[in-house]
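# An overview of the molecular structure
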Amino acid sequence: MNRPSLLSFAFAAVMSALALANGGCDDSEKKTASTRPLPALGAKVDETSVSGISSGAYMAGQFQMAHAKRVVGAAIIAGGPYGCSESIFANTMPGTGTAFLNLSKAVNGCMLDLLGIWGVSDPEELAKKAEERAVKGEIDPIADVVRDRVYLFTGTSDRTVAPSIVKHAAQFYEKLGVPKTNIDLVADLPAGHAFVTDDEGSACSVSGEPYVVNCSYDQAGALLKFIYGDLQPRAEALSGSFIDFDQRPFVSGDDSAEMAETGVVYVPKSCAETAGCRVHVAFHGCAQNREAVGDTFIKESGFARWADTNRIVVLFPQVANSPINPQGCWDWWGYTGPQYLTRDAPQIAAVNRMLDALQASGGGA
């Protein structure tokens, strides 16, 4: 998302939130598809890893903090520190007021880094707030986070999320107590605001749909190897299947999660046949969901090739485009409600239920 589209997104989100408050979202606008249930694979969800780009990066961090007992590592690509967008006045506003206050801070302070003089995105303060949430039981204990391995990435050509914001995210983890040896910040490639590959996508410096670029760097492999350690070489040809699954059983009846009806999971052949595979959750960015770019991120990011040879199931959950969220972003500023940073957040709860389903023993894929 470049800067002009970023500003238009902010305006559209605020105006459409007003429309939502006055009338709601028409479910008929959401994409429908013939899908199957998420397969029960007997997955080892206590060795889950997460990654995301842009809004997906923030969601990856939020999911990691909320369910640190399950997550062993996270990859934050073009995203900032956990809780960055939360306004100190947010909880004083009813209804959509929380999202209004947080959105301005999110764009100006947690993407463009224009509010540093007022302490926005300050790693030490955000770490203290995270610790307070953990004490309240809103997220998992910080002790479960400090054992994680964390990969972070910012491209030198990214004008959407300032490199300084990603560096603040790295410092946030240090303030929590994550050892420096468990943190890898990659900040020397001329990538735009995008997921990086070594053989797919647009030119390296491009920031635009589908937000996948070729910088001769295998980001999927780099982050998975940093999180999990040595891996088998990636597959040249895939043995498994991309499965469209029904996301509706995992969301609450009020549809507050704003999830698409259909998600995607990649299941290697070995994982369909034998239980015990790990899970990686890949969160798309704004304007990078299937409604916007089809299967480009899902199939060209490179995750499936590494998963295929290393017994990793890759979950690609999907957010829907809606009046309140026209570019299909994950909620990192509160459009689903004030609990968006906790394990009770509608989107976090939905993805966690997906992990429960993958953990169950059943008939495979």
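Residues numbered from 1 in each chain as written. Predicted model: local features only at pLDDT ≥ 70, side-chain atom pairs only at ≥ 80, totals over all residues. Heavy atoms only, no water.

## So, the sheet that holds strand S11 (residues 312-316)
In a beta sheet, neighbouring strands are held together by backbone hydrogen bonds and run either parallel or antiparallel to one another. Under the convention used in this document: Pairing between strands is defined by DSSP: at least two bridges between the two strands are required. Only runs of H or I of at least four residues qualify as helices and only runs of E of at least two qualify as strands under DSSP, and these elements are numbered from the N terminus. Structural elements are reduced to axes, namely lines fitted to C-alpha atoms, with helices fitted over the stretch in contact, and the angle between N-to-C directions of any two is expressed from 0 to 180 degrees.
The strand order across the open sheet formed by eight strands is S4-S3-S2-S1-S10-S11-S9-S8, and the pairing between neighbours is mixed. The open sheet terminates on both sides in strands that have one partner only, identified here as strand S4 (183-186) and strand S8 (241-246). For this sheet the average axis-to-axis angle between neighbouring strands, irrespective of direction, equals 15°. The pairing of strand S10 (residues 278-283) with S11 spans four bridges and is parallel.

## A word on helix H6 (residues 219-228)
In plain terms, the rule: We call a residue buried when its accessible area falls under 20% of the maximum for its residue type, exposed when it is over 50%, and partly exposed in between, using a 1.4 Å probe and counting protein chains only.
Among the 10 residues of H6, eight are classified as buried, and the element is accordingly described as predominantly covered. Buried within H6 are the following residues: Gln219, Ala220, Gly221, Leu223, Leu224, Phe226, Ile227 and Tyr228. Where H6 ends, the next residue or the one after it, glycine 229, has phi of about 90°, a positive value.

## Points about the state of the cysteines
This is how the line gets drawn: The disulfide definition used here is simple: a pair of cysteine sulfur atoms within 2.5 Å.
Evaluated as defined, the whole model comprises four disulfides. The disulfide bridge from cysteine 204 ends at cysteine 215, spanning 1.9 Å between sulfur atoms. In this structure the cystine formed by cysteine 204 and cysteine 215 twists about its S-S bond by roughly 95°; its chirality is therefore right-handed. With cysteine 204 in the loop between strand S6 (202-203) and strand S7 (212-214) and cysteine 215 in the loop between S7 and H6, the pair connects residues that are 11 residues apart, well separated along the chain. Side by side, cysteine 204 and cysteine 215 carry an identical accessibility label, which is buried. Disulfide pairing is shown between cysteine 271 and cysteine 277; the S-S distance is 2.1 Å. Between cysteine 271 and cysteine 277, the disulfide has an S-S torsion of -95° and is therefore left-handed. Given a relative accessible area of 2%, cysteine 271 falls into the buried group. Among the residues examined, cysteine 277 registers a relative accessible area of 2% and is labelled buried.

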